[in-house]
Amino acid sequence: MDYLSEILPGTLIERRYRVKKTLGQGGMGRAYLVADELRFNKLCVLKEFAPRDLEASFVNKSRELFEREARV
């Protein structure tokens, strides 16, 4: 299985979000504490979709749940 590597603290994402630390991980991916550099370093959570199980039906269901959560 090729599980994506954790994003390291200090990494800048989309020229906006600076990763502070990993908050946790589960079957669908990871959550990171990040500082929004375009909003006075306001802290927020960034979630990464990185399912552990790469079987197609699991990935499809996981993506559906991940997207539903993002909309909420």
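Structure: see above.
Residues numbered from 1 in each chain as written. Predicted model: local features only at pLDDT ≥ 70, side-chain atom pairs only at ≥ 80, totals over all residues. Heavy atoms only, no water.

1. With respect to helix 1 (residues 56–71)
Helix length check: helix 1, at 16 residues, gives a terminal C-alpha distance of 23 Å against a target of 22 Å (1.5 Å per residue), a fit within 8%. Listed as buried for helix 1 are Val59, Ser62 and Phe66. On an axial view of helix 1, the arc spanned by its buried residues comes to 70°, and they lie on one face. In helix 1, the exposed residues that point more than 90 degrees away from the buried face are Ala56 and Arg71. Buried residues in helix 1 make contact with strand 4 (42–49). (Helix = DSSP H or I, 4+ residues; strand = E, 2+ residues; numbered from the N terminus. Expected span 1.5 Å × (residues − 1). Buried < 20%, exposed > 50% of the residue type's maximum accessible area, 1.4 Å probe, protein only. Arc of directions from axis to C-beta. Contact = heavy atoms within 4.5 Å.)

2. A look at the packing of aromatic side chains
According to the stated counting rule, one finds 1 aromatic pair in the structure shown. With centroids separated by 5.2 Å and ring planes inclined at 55°, the aromatic side chains of Phe49 and Phe66 adopt a geometry described as tilted. Of this pair, Phe49 sits in strand 4 while Phe66 sits in helix 1; the two residues are 17 residues apart in sequence, bridging distant segments of the chain. (Phe/Tyr/Trp six-rings, centres within 6.5 Å; stacked < 30°, edge-to-face > 60°.)

3. Details of the pairing of strand 2 (residues 17–25)
Two elements, strand 1 (residues 12–13) and strand 2, share 2 bridges in a ladder whose sense is antiparallel. Looking across to strand 2, one finds that Ile13 is bridged to Tyr17. The turn joining strand 1 and strand 2, which pair antiparallel and follow one another in sequence, is formed by 3 residues; a positive phi near 55° is taken by Glu14. Hairpin remark: strand 2 followed by strand 3 (residues 29–36), antiparallel, with 3 residues in the connecting loop. (Pairing = 2+ DSSP bridges.)

4. A short note on unusual backbone geometry
Positive phi outside glycine occurs at Phe40, with the angle close to 60°. Positive phi, normally seen in glycine, also occurs at Asn41, with a value near 60°. Turning to its location among the elements, Asn41 is positioned in the loop between strand 3 and strand 4. Residue classification places Asn41 among the partly exposed positions, given a relative accessible area of 45%.

5. What to know about the pattern of salt bridges
By the definition in use, this model includes 6 salt bridges. Residue Glu37 pairs with Arg18 through a salt bridge whose shortest N-O separation is 2.9 Å. A residue pair is termed long-range when its members are at least 10 positions apart, and Glu37 in the loop between strand 3 and strand 4 and Arg18 in strand 2 qualify at 19 residues. What makes Arg18 partly exposed here is its relative accessible area of 26%. A salt bridge links Glu69 to Lys47, with the nearest nitrogen and oxygen atoms 2.6 Å apart. A residue pair is termed long-range when its members are at least 10 positions apart, and Glu69 in helix 1 and Lys47 in strand 4 qualify at 22 residues. Residue Lys47 is classed as partly exposed on the basis of its relative accessible area, which comes to 42%. What emerges from the salt-bridge pattern is a single network uniting Lys61, Glu64 and Arg68. (Salt bridge = Lys/Arg side-chain N within 4 Å of Asp/Glu carboxyl O.)

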